[in-house]
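The lines below spell out each chain.
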Amino acid sequence: MNNQILKDEIESYLKECFKNQGTYDKELYEAMDYSLNVGGKRIRPLLFINTYSVYKDNYKDVMDIAVAIEMIHTYSLIHDDLPCMDNDDLRRGKPTNHKVYGEAMALLAGDGLLSEAMSTMFKYCSDKDMNAVKACGLIAKACSAYGMVGGQVVDMISTGKEISKEQLKYMHRKKTGALIEAAILSGAILGEAPNNEYKLFKEFGEKVGLAFQIKDDILDIVGDSKTMGKKAKSDIENNKTTYVTTYGLEECKKMCAYITEECMDILSQINGDTEGLKKITEFLLERKK
């Protein structure tokens, strides 16, 4: 599967989500659309569709779920950037939502994206079997207090403090890893992966989520704001414990490369075409933003 073509197709779907929506509340839809379509790597929907496509060739039938996953991710970015959280001015190379629409509207835009994602998944499940319910339930849990929200809380209360390696891993497995893993596993569920391969995908999801976060921490140190589309060295300025502050830059580079190799090995054990997933995994290691 060509990931660039697939990404372009995802972009087309996202552009239609809130087109010509709203009347007196039109600004809300504009704010939601702004962050959803301002750019992005679309890694989570790509992981979802590529996993699903290992087993089935009708990925357009599950495109609504891919879009819902990206809505959830975008909502989390809008809220993360708010002054009460990370207080960032730049996201995906553009002013953050609250810089364009104000804090209150940005908060509501995030709420709107999360609610729309849930509505989209409910609608999808309305005429499907229990696999659909299981997959969407997994995604919903990933962005709940048991997943992203809980991880964000640990991040927030840990700022300015030195935390243990166990707490660091816990925080990022929830904040970053949970939705990545859920995207992969929901694709496996809807694709009706055999149980032994579902377990392999679970291991893959955990590891690729960890590698993603370590790479993010590396880029926060060595990257530049123009390339990344967001402020570099923000973790240092906010006095946050990261993988780099805990293990050191060179060790993190080694960890990232080693975990990526492990991911490739796992994918090689799966019967079916996993080339699309391997290319995404390689991209995550080599990316500059």
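The structure this text deals with has already been given above.
To keep things clear, this report deals only with the structure shown in the data block.

### Here's the deal with the overall build of the protein chain
Part 1 of the argument: Assigned secondary structure in the protein chain consists of 15 helices and two strands.
Part 2 of the argument: Relative to the globule expectation of 19 Å for 289 residues, the C-alpha radius of gyration of the protein chain, 18 Å, shows essentially globular dimensions.
Part 3 of the argument: In the protein chain, which comprises 289 residues, the proportion classed as buried is 51%.
Part 4 of the argument: When contacts within the protein chain are restricted to residue pairs at least 6 apart in sequence, long-range pairs at least 24 apart make up 72% of them.
Part 5 of the argument: For the protein chain, the accessible surface area stands at approximately 13700 Å², while carbon and sulfur atoms represent 51% of it.
Part 6 of the argument: Placing the 39 positive and 45 negative side-chain charges of the protein chain at their respective mean positions leaves the two points 2 Å apart.

### Remarks on the side chain of T260
Part 1 of the argument: Its location among the elements puts T260 in helix α14 (residues 249-268).
Part 2 of the argument: With a relative accessible area of 7%, T260 lands in the buried category.
Part 3 of the argument: At a separation of 2.8 Å, a polar atom in the side chain of T260 contacts the main-chain carbonyl oxygen of C256.
Part 4 of the argument: Leave out the neighbours within four places in its chain, and T260 touches A211, T281 and L285.

### Here we look at the packing of helix α4 (residues 63-81) against helix α6 (residues 103-125)
Part 1 of the argument: It is at 8 Å that the axes of α4 and α6 come closest, and there the two elements cross at 160 degrees. Of the possible angle classes, the one that applies to α4 and α6 is roughly antiparallel. For the crossing formed where α4 meets α6, the hand is left-handed.
Part 2 of the argument: Looking at the contact of α4 with α6, its residues break down into 15 nonpolar, four polar and three charged.

### Details of the side chain of T281
Part 1 of the argument: On the secondary structure map, T281 appears in helix α15 (residues 275-286).
Part 2 of the argument: Excluding its chain neighbours within four sequence positions, the residues that come into contact with T281 are F204, V208, T260, C263, M264 and L267.

### Some thoughts on the environment of N2
Part 1 of the argument: Topologically, N2 is positioned in the segment before α1 (3-16).
Part 2 of the argument: Looking at N2, the relative accessible area reads 43%, which means it is partly exposed.
Part 3 of the argument: Put simply, N2 and K279 are 277 residues apart on the chain and 9.4 Å apart in space, counted from C-alpha to C-alpha.
Part 4 of the argument: Separated by 3.0 Å, the side chain of N2 and the backbone nitrogen of I5 make a polar contact.

### Focus on the layout of surface pockets
Part 1 of the argument: Space inside the largest pocket adds up to approximately 1100 Å³.
Part 2 of the argument: Elements represented by at least two residues in the lining of the largest pocket include exactly α3 (43-52), α4, β1 (90-91), α8 (148-158), α9 (165-190), α10 (195-222), α11 (225-228) and α12 (234-237).
Part 3 of the argument: It is α4 that contributes the most residues to the lining of the largest pocket, seven residues altogether.
Part 4 of the argument: Looking at the lining of the largest pocket residue by residue, the class counts come to 13 nonpolar, 16 polar and 20 charged.
Part 5 of the argument: Quantified by volume, the second largest pocket comes out at close to 270 Å³.
Part 6 of the argument: Lining the second largest pocket we find 13 residues, and of these A142, Y146, A178, E181 and K202 sit closest to its centre.
Part 7 of the argument: If you tally residues by element for the lining of the second largest pocket, the top one is α9, at seven residues.
Part 8 of the argument: Class assignment for the residues of the lining of the second largest pocket results in six nonpolar, two polar and five charged.

### Description of the packing of α3 against α9
Axis angle and axis distance: for two packed helices, these are the angle between their axes and the distance between the axes, and together they describe the pair.
Part 1 of the argument: Put simply, α3 and α9 touch, their axes get as near as 7 Å, and they point 25 degrees apart. Considering the angle they form, α3 stands roughly parallel to α9. By crossing handedness, the relation of α3 to α9 is classed as right-handed. Here R44, L47, F48, T51 and Y52 of α3 lie close against α9, whose contacting residues are L179, I180, A183, I184, S186, G187, A188 and L190.
Part 2 of the argument: Here the residues of the contact of α3 with α9 sort into nine nonpolar, three polar and one charged.

### Considering the nonpolar core
Part 1 of the argument: Grouped together as the largest cluster of nonpolar side chains are 78 residues, with contacts concentrated most on F48, I65, I72, L190, F201 and F204.
Part 2 of the argument: Those residues within four positions of F204 in sequence are excluded, and the remaining contacts are I184, C263, I266, L267, L277 and T281.

How each quantity is defined
Residues numbered from 1 in each chain as written. Predicted model: local features only at pLDDT ≥ 70, side-chain atom pairs only at ≥ 80, totals over all residues. Heavy atoms only, no water. Helix = DSSP H or I, 4+ residues; strand = E, 2+ residues; numbered from the N terminus. Rg over C-alpha atoms; globule rule 2.2 N^0.38 Å. Buried < 20%, exposed > 50% of the residue type's maximum accessible area, 1.4 Å probe, protein only. Contact = heavy atoms within 4.5 Å. Areas by Shrake-Rupley, 256 points an atom, 1.4 Å probe, with all protein chains shown as cover. Lys, Arg positive; Asp, Glu negative; His and termini not counted. Charge placed at Lys NZ, Arg CZ, Asp CG, Glu CD. Polar contact = N/O pair within 3.5 Å; in protein donor to acceptor, adjacent residues only side chain to side chain. Axes fitted to C-alpha atoms, helices over the stretch in contact; angles between N-to-C directions. Parallel < 35°, antiparallel > 145°, perpendicular 65-115°, else oblique. Left-handed = near helix turned anticlockwise from the far one by under 90°. Nonpolar A, V, L, I, M, F, W, Y, C, P; charged D, E, K, R; others polar. 1 Å grid on protein atoms, 1.4 Å probe; cavity = no way out; pocket = protein on both sides within 12 Å on 5 of 7 lines; lining within 4 Å. Points joined across faces, edges and corners; volume = space filled by probe spheres on them. Core = buried A, V, L, I, M, F, W, Y, C linked by side-chain atoms within 4.5 Å.

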